[in-house]
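# Summary of the model geometry
The lines below spell out each chain.
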Amino acid sequence: MATDLHLPYGFVQYPSSSPQRRSPRGHDTFAGRSGLIECELEALSPFLVMDTEKRADSNTGNVGQFMRSDKNGPVIPGTSLKGMVRSLFEVLVPSCVGLHDHSTNPLVPNGFDTCYHRSNLCPACNTFGYMGRGRGSSVHRGNVNIGEARPAGSVSRGRQVQIVGQFGPNPQKSDRYNNPDGSPKGRKFYYHQHELNKATTKKEKKYAKWLAPLAPGATFRFTVGFQNLTDRALSGLVAALSLPDEAPLPGGGTTAVRHKIGYGKAAGLGSVEIRIQSVGLDPDPEERYRQFGAARETPSDTDAWVQDCQDEFFENPSPPVQDLIEVLRYPPPADRMYAYPNDWD
């Protein structure tokens, strides 16, 4: 079988129209959808959410370790989960490109500049939160809270592995990020891979890092709370949390779509699946505060409810969502390999 060599990442094009912005719903009123979602995350490949105090270092030989709590062993911070989910939400519900704007970064198209005031926020900033820049800037806390993920049982540490060097983006190489006409290619996501890209040559080992990831099969659980969401935002949140098992491919057929998280995504780490275990919806938020112990409502068929949310974005996908399906398809095509060219700097 001939091998099709690809870069380890692909691009999701920007939509044709810029995000719709509005003032956020605050936390001092009851409006929209509120509730709680219980989730389970399972590793499909070795994966590592790096402990910032035990980072891999190619110069000292330090081995990168998984983030841990004092009592509960390995943990995935809620901020890591929230960033992963938000990046997908930004594609499903067109939103700004956080921390960048068109005037200072040509890789951001006009109209997708980062939001600059809480009175006029894109869907992602409305839903997940916004922090302005500079003294006296405005802040919106967001209407979604994702807790840290803790092991659902015992988790196994995988073998230590020396992966090829991981480098940040190089905006100076505009041909890597722009189309031939100079327009930005889009948002960057990493492909799933069949195996890890390990350092084997002398040149690769010069910048390689040793890691101690968790083994495939490691399972974590976490909770997502949400308040005052629009129906569209709630559907986008659910679809970004639990990606579909069957999404249409442009050439026909379907594929599963899965998440990538943590360190070493370009080398094949970080493939995970998130499953929604239960959903509790507040029927009347005001009533919950009038009664002690007022129960949340559960959809009569949780799987069907989740499917409906997914279908809103994946059944007839927009061009950006089609790109997302192609990049995050799982498993990847059998004839593909992923690597950076040897002459890249």
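Here's a quick rundown of the structure.

Parameters at a glance
- Here the residue index of a chain counts from 1 through its sequence in written order.
- Residue-level local features of this predicted model are given only where pLDDT is at least 70; pairs of side-chain atoms are given and counted only at 80 or more, and the full residue set underlies all totals for whole chains, interfaces and linings.
- Side-chain metrics rest on all non-hydrogen atoms present in the structure, leaving aside hydrogens and water.
- Numbering of helices and strands runs from the N terminus, with a helix taken as a DSSP run of H or I at least four residues long and a strand as a DSSP run of E at least two residues long.
- Atoms considered for the radius of gyration are the C-alpha atoms alone. The globule rule reads 2.2 Å times the number of residues to the power 0.38.
- When a residue's accessible area, from a 1.4 Å probe over protein chains only, is under 20% of the maximum for its type it is buried; when over 50% it is exposed; and in between it is partly exposed.
- Should any heavy atoms of two residues lie within 4.5 Å, those residues are considered in contact.
- Exposure was quantified through the Shrake-Rupley algorithm and a 1.4 Å probe, taking into account, for residues, occlusion by the shown protein chains and nothing else.
- Think of it this way: Lys and Arg go in the positive column, Asp and Glu in the negative one, and His and the chain ends go nowhere.
- Note on charges: their place is set at NZ of Lys, CZ of Arg, CG of Asp or CD of Glu.
- The set of buried Ala, Val, Leu, Ile, Met, Phe, Trp, Tyr and Cys residues whose side-chain atoms join them within 4.5 Å is what this entry labels a nonpolar core.
- Working definition: rings of Phe, Tyr and Trp (its six-membered ring) pair if their centres are within 6.5 Å, and the pair is stacked with planes under 30 degrees apart, edge-to-face with planes over 60 apart, and tilted otherwise.
- Orientation is described by axes fitted as lines to C-alpha atoms, over the contacting stretch for helices, and by angles from 0 to 180 degrees between their N-to-C directions.
- In what follows, roughly perpendicular refers to angles from 65 to 115 degrees, roughly parallel to angles under 35, roughly antiparallel to angles over 145, and oblique to any angle outside these ranges.
- Asp, Glu, Lys and Arg are counted as charged, while Ala, Val, Leu, Ile, Met, Phe, Trp, Tyr, Cys and Pro are counted as nonpolar; the rest, among them Gly, fall into the polar class.
- For this analysis, a polar contact is any N or O atom pair within 3.5 Å, provided that within protein one partner can donate a hydrogen and the other can accept it, and provided that sequence-adjacent residues contribute only side-chain to side-chain pairs.
- For two strands to be treated as a pair, DSSP must find no fewer than two bridges joining them.

## Overview of the overall build of the chain
On a plain count of helices and strands, the chain comes out with 7 helices and 19 strands. Over its C-alpha atoms the chain spans a radius of gyration of 21 Å, differing by no more than 12% from the 20 Å that the globule rule assigns to 345 residues. Dimensions along the principal axes, computed over C-alpha positions, put the chain at roughly 65 × 50 × 50 Å. For the chain, buried positions account for 48% of its 345 residues. In the chain, of all internal contacts separated by at least 6 residues, the share reaching a separation of at least 24 is 76%. Per element, the accessible surface of the chain, about 17600 Å² overall, is 47% carbon and sulfur. One finds the centroid of the 39 positive side-chain charges in the chain at a distance of 9 Å from the centroid of its 37 negative side-chain charges.

## With respect to the nonpolar core
Among the nonpolar cores identified, the biggest contains 80 residues, and Phe47, Ile76 and Phe222 are the most heavily contacted of them. Look past the residues within four positions of Ile76 in its chain and what remains in contact with it is Leu41, Phe47, Val49, Phe66, Leu81, Glu148, Ala149, Phe220 and Ile261. The next biggest cluster of nonpolar side chains, apart from the first, holds 6 residues, and it includes Tyr9, Phe11, Leu107 and Ala266.

## Points about helix H4 (residues 231–241)
Where burial is concerned, most of H4 is hidden: 9 out of the 11 residues are buried. By the burial criterion, the buried members of H4 are Ala233, Leu234, Ser235, Gly236, Leu237, Val238, Ala239, Ala240 and Leu241.

## Overview of the packing of aromatic side chains
Taken as a whole and assessed by the stated rule, the structure comprises 10 aromatic pairs. Ring geometry for Phe66 versus Phe220: centroids 6.2 Å apart, planes at 15 degrees, classification stacked. Pair noted here: Phe66 is in the loop between strand S3 (33–43) and strand S4 (68–69) and Phe220 is in strand S13 (residues 219–229), with a separation of 154 residues, a long-range link. Just as Phe66 is buried, Phe220 falls in that class too.

## Concerning the packing of H4 against helix H6 (residues 302–314)
As a packed pair, H4 and H6 sit with axes 8 Å apart at the nearest point and diverge in direction by 100 degrees. In terms of their interaxial angle, H4 and H6 are classed as roughly perpendicular. Contacts between H4 and H6 involve Arg232, Leu234, Ser235, Gly236, Val238 and Ala239 from the first element and Trp305, Val306, Cys309, Gln310, Glu312, Phe313 and Phe314 from the second. Each residue belonging to the contact of H4 with H6 can be placed in one class, and the counts come to 8 nonpolar, 3 polar and 2 charged.

## Points about the side chain of Gln310
Turning to its location among the elements, Gln310 is positioned in helix H6. Judged by its relative accessible area of 6%, Gln310 is buried. Looking at Gln310, its side chain comes within polar contact range of the main-chain oxygen of Ser242, at 2.5 Å. Residues in contact with Gln310, not counting those within four places in the same chain, are Ala239, Ser242, Leu243, Pro244 and Glu315.

## Focus on the sheet that holds strand S18 (residues 329–330)
Sheet strands pair via backbone hydrogen bonds, and the direction of the pair is either parallel or antiparallel. Reading across from one edge, S14-S15-S18 is the order of the 3 strands in this open sheet, with antiparallel pairing throughout. Pairing within the sheet leaves two strands with one partner each, and these edge strands are strand S14 (247–248) and S18. Of the pairings in the sheet, the one linking S14 to strand S15 (residues 254–257) comprises 2 bridges and is antiparallel in character. Bridged to Pro248 within S15 is Thr254.

## So, unusual backbone geometry
Between Tyr330 and Pro331 the backbone carries a cis peptide bond, its omega angle lying at -5 degrees. Relative to the helices and strands, Pro331 resides in the loop between S18 and strand S19 (336–338). The phi torsion at Asn228 lies on the positive side, around 60 degrees, for a residue other than glycine. One can find Asn228 in strand S13.

## Observations concerning the environment of Tyr190
When you line up the elements, Tyr190 lands in strand S11 (residues 187–190). Setting aside its immediate chain neighbours within four residues, Tyr190 contacts Pro8, Tyr9, Lys260, Lys265, Ala266, Val327, Leu328 and Tyr340.

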